[in-house]
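# Inside the fold
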Amino acid sequence: MKVFAKILCLCLSLTVLVLCCGCGDTGLTTEEGKLTMATNAEFPPYEFREGDKIVGIDAEVAGLIAEKLGLELEIADVDFESIIPGVQSGKYDMGMAGMTVTEDRQKKVNFSTSYAKGIQVVIVKEDSDIKSIDDLTGKKIGAQQGTTGYIYASDTPENGGYGEENVIGYQNGALAVEALKGGKVDCVIIDNEPAKAYVAANEGLKILDTEFTNEDYAICFSKKNDELQKKVNDALEELIADGSLQKVVDKYIKAE
Ligand code: ARG
């Protein structure tokens, strides 16, 4: 009889446990059923607007991740510099914006497995006297605020930069390119794929051959949400392994 009571007790507590796990809000995302992603949609081919839709590699891959997790993707288009603070404060579940993994950022957020590589390049006018990065000293450099391009360029010459006073920060890459066309800056330092897109869309510009730096792109998460990071990471790794991610990349980046 005693044994029977014990078993009954165990069964009851197991049922309670299962029920709790099954229907309670796990706290995985800030809003139940949704995966909110912060981005800055002026960064083709990773994220850009087509009409009022945000499309691009990041937007589509995030859509596939959300699908795997059974969540509805919601994209917030914000200034690049407010992505990390927004993820830290829990306003957004994750940030995905062609974002480079840096040591400094790793102190603030956690990153997923890297899903793409980027190279910082220099855009100049076709007739520019800037032939390589050695000619950048004393020139006016444009970059998007808060990006690695801005961070490297504005560093001191001892650290390989060109000095803060020579760099003008713009709210997005498109505005930096406009400034270059208008002669307000002599060059723009930006990631290679957006650079190609901007050069293709604007006449009279070219990309210098020189590779400035190599970077890894990854998705960022709050340090308090290991569970979401793990789930998204698993989904992302599946998409990498089965070729789905490459398919999205091939759609947006045509082989040369
Ligand atoms: N890869 C660079 C960085 O992480 C630039 C990213 C800019 N992304 C954007 N969506 N505007 O700093």
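Definitions and cut-offs
- Residues numbered from 1 in each chain as written.
- Predicted model: local features only at pLDDT ≥ 70, side-chain atom pairs only at ≥ 80, totals over all residues.
- Heavy atoms only, no water.
- Near = heavy atom within 4 Å.
- Polar contact = N/O pair within 3.5 Å; in protein donor to acceptor, adjacent residues only side chain to side chain.
- 1 Å grid on protein atoms, 1.4 Å probe; cavity = no way out; pocket = protein on both sides within 12 Å on 5 of 7 lines; lining within 4 Å.
- Sits in = over half its atoms within 2 Å of the grid points.
- Nonpolar A, V, L, I, M, F, W, Y, C, P; charged D, E, K, R; others polar.
- Points joined across faces, edges and corners; volume = space filled by probe spheres on them.
- Helix = DSSP H or I, 4+ residues; strand = E, 2+ residues; numbered from the N terminus.
- Axes fitted to C-alpha atoms, helices over the stretch in contact; angles between N-to-C directions.
- Parallel < 35°, antiparallel > 145°, perpendicular 65-115°, else oblique.
- Left-handed = near helix turned anticlockwise from the far one by under 90°.
- Contact = heavy atoms within 4.5 Å.
- Pairing = 2+ DSSP bridges.
- Right-handed = clockwise from strand over helix to strand, strands pointing away.
- Buried < 20%, exposed > 50% of the residue type's maximum accessible area, 1.4 Å probe, protein only.
- Arc of directions from axis to C-beta.

## Quick look at the site of the ligand
Not every one of the 15 residues close to the ligand is listed here, only the nearest: Ala-97, Thr-100, Arg-105, Thr-148 and Asp-191. Contact distances for the ligand include 2.9 Å between a nitrogen atom and a side-chain N or O atom of Asn-40. Put simply, the ligand lies in the largest cavity. The class makeup of the residues in the shell around the ligand is five nonpolar, six polar and four charged.

## Notes on the layout of surface pockets
Roughly 270 Å³ of internal volume is contained in the largest pocket. Those elements that place two or more of their residues in the lining of the largest pocket are helix H3 (83-88), helix H4 (103-106) and helix H5 (148-153). Here the lining of the largest pocket takes three residues from H5, the largest share from any one element. Its residues assigned to classes, the lining of the largest pocket shows six nonpolar, three polar and four charged. Roughly 160 Å³ of volume is contained in the second largest pocket. Looking at side-chain class alone, the lining of the second largest pocket contains two nonpolar, eight polar and two charged residues.

## Looking at unusual backbone geometry
In this structure, Pro-45 follows Pro-44 across a cis peptide bond, with omega equal to 0°. Inspection of the secondary structure puts Pro-45 in the loop between strand S1 (34-39) and strand S2 (48-50).

## Here's the deal with the packing of helix H2 (residues 57-69) against helix H9 (residues 244-252)
Running from N to C, H2 and H9 point in directions that differ by 155°, and their axes come no closer than 10 Å. As summarised for this structure, H2 and H9 are arranged roughly antiparallel, according to the angle between their axes. In terms of crossing hand, the pair formed by H2 and H9 is right-handed. On H9, the residues touching Ile-57, Glu-60, Val-61 and Leu-64 of H2 are Ser-244, Leu-245, Val-248, Val-249, Lys-251 and Tyr-252.

## Details of empty space enclosed by the protein
All chains considered together, the criterion is met by one cavity of 30 Å³ or more. Estimated volume of the largest cavity: approximately 90 Å³. Here the lining of the largest cavity is composed, by residue class, of four nonpolar, six polar and three charged.

## Here we look at the pairing of strand S9 (residues 167-170)
Pairing geometry for strand S8 (residues 141-144) and S9, over four bridges, is parallel. Bridge pairing in S9 links Ile-141 to Val-167. In this view, the connection linking S8 to its parallel neighbour S9 by way of H5 has right-handed handedness.

## Side note on helix H6 (residues 173-181)
Looking at H6, one finds that the buried residues are Gly-173, Ala-176, Val-177, Ala-179 and Leu-180. Buried residues of H6, viewed axially, fall in a sector of 155°; they line one side. The secondary structure elements touched by the buried residues of H6 are strand S7 (116-125), S8, S9, strand S10 (187-191), helix H7 (192-201) and strand S11 (205-207). The N-terminus of H6 is capped by Asn-172, whose side-chain oxygen sits 3.1 Å from the backbone nitrogen of Ala-174. The first or second residue beyond H6 is Gly-183, which carries a positive phi of 75°.

All we've got here are geometric facts, nothing functional implied.
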